[in-house]
Amino acid sequence: MSITSKVRQSVVLTADGQVQKLIAGSAANIGSANILSVFAQASNTDAEVKLYNEADSSKTAGKLIFHGKFGTAANHVHEFKIPAAGIYASDAVYADLTNVDFFYIIGTF
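Residues numbered from 1 in each chain as written. Predicted model: local features only at pLDDT ≥ 70, side-chain atom pairs only at ≥ 80, totals over all residues. Heavy atoms only, no water.

Caption draft 1: Seen up close, the environment of Ala84. Relative to the assigned elements, Ala84 resides in the loop between β8 (77-81) and β9 (87-89). Residue classification places Ala84 among the exposed positions, given a relative accessible area of 80%. Expressed as a C-alpha distance, the spacing of Ala84 and Asp56, which sit 28 residues apart in the sequence, is 27 Å. (Helix = DSSP H or I, 4+ residues; strand = E, 2+ residues; numbered from the N terminus. Buried < 20%, exposed > 50% of the residue type's maximum accessible area, 1.4 Å probe, protein only.)

Caption draft 2: Just the pattern of salt bridges, in detail. Inspection of the entire model under this criterion finds 3 salt bridges. As a salt-bridge pair, Asp16 and Lys59 come within 3.7 Å of each other at their nearest N and O atoms. Note that Asp16 is positioned in the loop between β1 (7-9) and β2 (17-18) and Lys59 in the loop between β6 (47-52) and β7 (64-70), a separation of 43 residues in sequence. Under the relative-accessibility criterion, Asp16 is labelled partly exposed at 34%. Among the ionic pairs, Asp96 bridges to Lys59, the shortest N-O distance being 3.7 Å. Of this pair, Asp96 sits in strand β10 (residues 94-98) while Lys59 sits in the loop between β6 and β7, placing them 37 residues apart in sequence. (Salt bridge = Lys/Arg side-chain N within 4 Å of Asp/Glu carboxyl O.)

Caption draft 3: The arrangement of the sheet that holds β6 in detail. The strand order across the open sheet built from 4 strands is β2-β10-β6-β7, with neighbouring strands paired in antiparallel fashion. The two strands at the open ends of the sheet, each matched to only one other strand, are β2 and β7. Direction of pairing for β6 relative to β7: antiparallel, over a ladder of 6 bridges. Its bridge partner lying in β7, Lys50 is registered against His67. (Pairing = 2+ DSSP bridges.)

Caption draft 4: Structural detail: the pairing of strand β3 (residues 20-23). Two elements, β3 and strand β4 (residues 26-29), share 4 bridges in a ladder whose sense is antiparallel. Each bridged residue has a counterpart across the sheet, and for Ile23 the counterpart in β4 is Ser26. Counted along the chain from β3 to the antiparallel partner β4, the turn is 2 residues long, and its residue Ala24 has a positive phi close to 50 degrees.

By themselves, these figures tell us nothing about what the structure is for.
Listed below in structure tokens is the structure:
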């Protein structure tokens, strides 16, 4: 019996944007997702990652589902591991990146 994992990595972002996945080699926006891990590399001090449960760039405060801050210098890498089943996004995932030049999520989507 073959077991197929539904855990995957998103497409890498280098600036703000809709988090995407690959489907048959083409990027498509992620709909619902359980986010298990957030990976980012700082381009400067005080890097921040904000994730919103939104299918656009509105950045509505009430839709903020994750906010992480890290880094004391450029090229500092940090992984935020989310416990249990992760953070659930029911609609989509929009990433607002500050002083981050490499970002992806790991999750089920």
